[in-house]
Number of protein chains: 4
Amino acid sequence: MSAKVKVEAYPYVEPLREILRLRHFFSSATPKTIQAPYTPTPVTVPGLNPKMTMHQLTQYQDCIEACQDCAVACDACADACLSEQDVKMMMAECIRLDRDCARLCQMAVAFMASGSRFAYQVCELCATVCEACTEECSKHTHEEHCRQCAEACRRCAEACRQMVATA
Amino acid sequence: MSAKVKVEAYPYVEPLREILRLRHFFSSATPKTIQAPYTPTPVTVPGLNPKMTMHQLTQYQDCIEACQDCAVACDACADACLSEQDVKMMMAECIRLDRDCARLCQMAVAFMASGSRFAYQVCELCATVCEACTEECSKHTHEEHCRQCAEACRRCAEACRQMVATA
Amino acid sequence: MSAKVKVEAYPYVEPLREILRLRHFFSSATPKTIQAPYTPTPVTVPGLNPKMTMHQLTQYQDCIEACQDCAVACDACADACLSEQDVKMMMAECIRLDRDCARLCQMAVAFMASGSRFAYQVCELCATVCEACTEECSKHTHEEHCRQCAEACRRCAEACRQMVATA
Amino acid sequence: MSAKVKVEAYPYVEPLREILRLRHFFSSATPKTIQAPYTPTPVTVPGLNPKMTMHQLTQYQDCIEACQDCAVACDACADACLSEQDVKMMMAECIRLDRDCARLCQMAVAFMASGSRFAYQVCELCATVCEACTEECSKHTHEEHCRQCAEACRRCAEACRQMVATA
């Protein structure tokens, strides 16, 4: 009931979840659809590990998307928290972590897209902040925006950890 | 032929185009799939125009995605340009506009996701920069990264203009 | 009394005001100390208006500093607001404007430092947001962080307007 | 001679060095001038280590300034590099590191100003990137913008390391 009201209040995050689902489907379909034009041998991406494999590249792209979604979810959650009843007691910490998490996710996207040699280190720190934000938002899952944000942060932390594991 | 080589060099932008296609399909399907839970009457989003309609909200989301894609395409293009043969003569201006465009797109995403009252003005400026970047990248469409970047910028400029038109 | 307690709580903003004072002194002293190595004729800055005069360049630098100070003051104010008694009623709007203002100031610095052709347009938008933030923070001048933030925003808006006037 | 020409071309970085010198003077004078209003006992900053001492806070502020200067120097250097003769062979790596370094410095400022609990970790990563950028820019000290950038990066890396050491 309360969740329904929230969904009405933040309808633009609902479609994001649709996209996530589509992306999941798409991600698993990826090898089949794009394998053809690529040789299975290592390829070169400027500024990145020159021996990057297709498997690594897929995770790279997954990680960009997870960070994009997480940044949006955190910014939306922080703003929504400011309209909640008990901002100080309940939401102040959530807003602080949303702020930090959105900033790091945004930067992680930029570092990956730019092919920076520091992309792995930025993603590692991003995972740490995402985990802290997941934990905090999970305390407020009665708020739809916090529930969705916790989900986005959890997925992003996982994607970042997997990305780092391929370094 | 040259394009094929480029595609191998930047395989992570190829799947992005797949997503764009999926999103397009998804975007047009959106009204049908998510109309049910929402009333067709105006809804309230904190910090945004309180009379925002479903139609406006869909454009809002389109605009977030277009800006996310454009920021990634610009960052990737700028880095790829640095590896091209004639950076100074051909690519310096492209790199400068990619840099400006990526920054504005990234900020536009943050302002929209945060429901800022200044989201429209940021998107208006974003459209201006995207248009300049489209023009510059369109001069180098023999480079796959510039061709894809020009496409992403054009789509983003359109999405931003449409977004602003709903203000 | 309450202000005194605040000063203790945020001592790192106090020295910033010292710097502002030093900078003011330095700014007016600038022509004398650095005039020697430069000819009074127009100089070329890459990416900027090629006929930029020394007078314009001094304002450029003033504007960078004003934006740097304002971004810090806004970030500090937003965080401090989250610890105040009545976040929802009093501070939510202040936090939202601090957030927007810090983002735009940070970007204005980057555009000016990069010599972007869009620096003027970013500064113009920055001035608009700074003015909105000045107005909001001025309602809470009993809080030392809001008082200092209002001051930093007012100075930044002025510096941006002057910068734009030289375009 | 060549340096002199460069100074004319980028006069707005010259005054920055003046400020750095003033700041150094000011920094050492800081304890004397601002000790009076503060008790020498630990003070509380929201979101930061609650037992932060005056000594730590002074370093905090030093670090904010060093990061601000470094971000500006890196953005200015990257843009100036794009106008150099041999962008590809000599300057491409410099531009990439300037870009990464500017981004991290900018974020470090935001995390410190916001009193984030992750400020130390961001500064640690910032120091790493600053050191890489110092090394690269030091190869091109015949270019005034690279020489100044190397200096700003070295100072910033030091400030970040000292900041982290107080954690």
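Residues numbered from 1 in each chain as written. Chains lettered and ligands numbered in written order. Predicted model: local features only at pLDDT ≥ 70, side-chain atom pairs only at ≥ 80, totals over all residues. Heavy atoms only, no water.

Enquirer: I tried to follow the interface of chain D and chain B on my own but got confused; where do I start?
Expert: Frequently, the measure chosen for interface size is the accessible area that the parts lose on association. Taken together, the contact between chain D and chain B spans 13 residues of the former and 13 residues of the latter. Of the roughly 1100 Å² buried where chain D meets chain B, counting both sides, 44% is carbon and sulfur surface. Across the chain D-chain B interface, the total number found is six salt bridges. One salt bridge in this structure joins D:Asp75 and B:Arg103, with 2.9 Å as the shortest N-O distance. Taken together, the links from chain D to chain B amount to eight residue pairs in polar contact (both at pLDDT 80 or more). Elements represented by at least two residues in the side of chain D that touches chain B include exactly helix H3 (54–81) and helix H4 (87–113) of chain D. Sorting elements by how many residues they give to the side of chain D that touches chain B places H4(D) first, with seven residues. Partitioning the side of chain D that touches chain B into residue classes produces four nonpolar, two polar and seven charged. (Contact = heavy atoms within 4.5 Å. Buried area = accessible area lost by both parts, 1.4 Å probe. Salt bridge = Lys/Arg side-chain N within 4 Å of Asp/Glu carboxyl O. Polar contact = N/O pair within 3.5 Å; in protein donor to acceptor, adjacent residues only side chain to side chain. Helix = DSSP H or I, 4+ residues; strand = E, 2+ residues; numbered from the N terminus. Nonpolar A, V, L, I, M, F, W, Y, C, P; charged D, E, K, R; others polar.)

Enquirer: Could you clarify how one ought to interpret the environment of D:Arg99 in this entry?
Expert: Note on placement: D:Arg99 falls in helix H4. Given a relative accessible area of 17%, D:Arg99 falls into the buried group. On a C-alpha basis, the gap between D:Arg99 and D:Ala71 in space is 9.0 Å, while along the polypeptide they are 28 residues apart. For D:Arg99, the residues in contact, after removing those within four places along its chain, are A:Ser114, A:Ser116 and B:Asp79. (Buried < 20%, exposed > 50% of the residue type's maximum accessible area, 1.4 Å probe, protein only.)

Enquirer: Help me out: how do you make sense of the packing of helix H5 (residues 119–137) of chain B against helix H5 (residues 119–137) of chain C in this one?
Expert: Angle between the axes and distance between the axes are the two parameters that describe a pair of packed helices. Between H5(B) and H5(C), the least distance of the axes is 11 Å, while the angle of their chain directions is 180°. Relative to H5(C), H5(B) is oriented roughly antiparallel. Only C:Gln121, C:Val122, C:Leu125 and C:Thr128 of H5(C) make contact with H5(B), whose side of the interface consists of B:Gln121, B:Val122, B:Leu125 and B:Thr128. A breakdown of the residues in the contact of H5(B) with H5(C) according to their chemical character gives four nonpolar, four polar and no charged. (Axes fitted to C-alpha atoms, helices over the stretch in contact; angles between N-to-C directions. Parallel < 35°, antiparallel > 145°, perpendicular 65-115°, else oblique.)

Enquirer: How do you make sense of the relation of the copies chain D and chain B when you look at a structure like this?
Expert: Superposing the two chain copies requires a rotation about an axis and a translation along that axis. Superposing chain D onto chain B takes a rotation of 180° combined with a translation of 0.0 Å along the rotation axis, leaving an RMSD of 0.0 Å. In short, the pair behaves as if placed about a two-fold rotation axis. A shared binding surface is used by both copies, with 100% of the interface residues of chain D retained as interface residues in chain B. (Least-squares fit on C-alpha atoms with pLDDT ≥ 70 in both.)

Enquirer: Looking at this structure, how should I read the confidence of the model for chain A?
Expert: Reading fine detail from the predicted coordinates is not recommended where pLDDT is low. Residue and element names in this part refer to chain A. Looking at chain A, the pLDDT average stands at 73 and 63% of residues meet or exceed 70. No element of chain A has a lower mean pLDDT than helix H1 (residues 2–9), which averages 30, and none a higher one than helix H5 (residues 119–137), which averages 97. Per-residue pLDDT stays below 50 along residues 1–51; that stretch engages in 97 contacts with residues further than four places along the chain or on separate chains. Here the complex is predicted with pTM 0.75, and the ipTM for its interfaces comes to 0.71. (pLDDT = per-residue confidence, 0-100.)

Enquirer: Can you help me understand the pattern of salt bridges in this one?
Expert: Proximity of charged atoms lets side chains of opposite charge pair with each other. Evaluation of the coordinates by the stated rule reveals 41 salt bridges over all chains. Note that A:Arg147 is salt-bridged to A:Glu151, the shortest N-O span being 3.3 Å. With A:Arg147 and A:Glu151 both in helix H6 (residues 144–165) and four residues apart, the pair spans about one turn of that helix. Note that B:Arg117 is salt-bridged to C:Glu93, the shortest N-O span being 2.1 Å. Here B:Arg117 is found in the loop between helix H4 (87–113) and H5, whereas its partner C:Glu93 is found in helix H4 (residues 87–113) on a different chain. Residue B:Arg117 is classed as partly exposed on the basis of its relative accessible area of 42%. Take C:Glu93: its relative accessible area is 27%, and that puts it in the partly exposed class.

Enquirer: Just to check I follow, could you spell out the environment of B:Glu151 for this structure?
Expert: Since its relative accessible area comes to 36%, B:Glu151 is described here as partly exposed. When the C-alpha atoms of B:Glu151 and B:Met90 are compared, they prove to be 19 Å apart, with 61 residues separating the residues in sequence.

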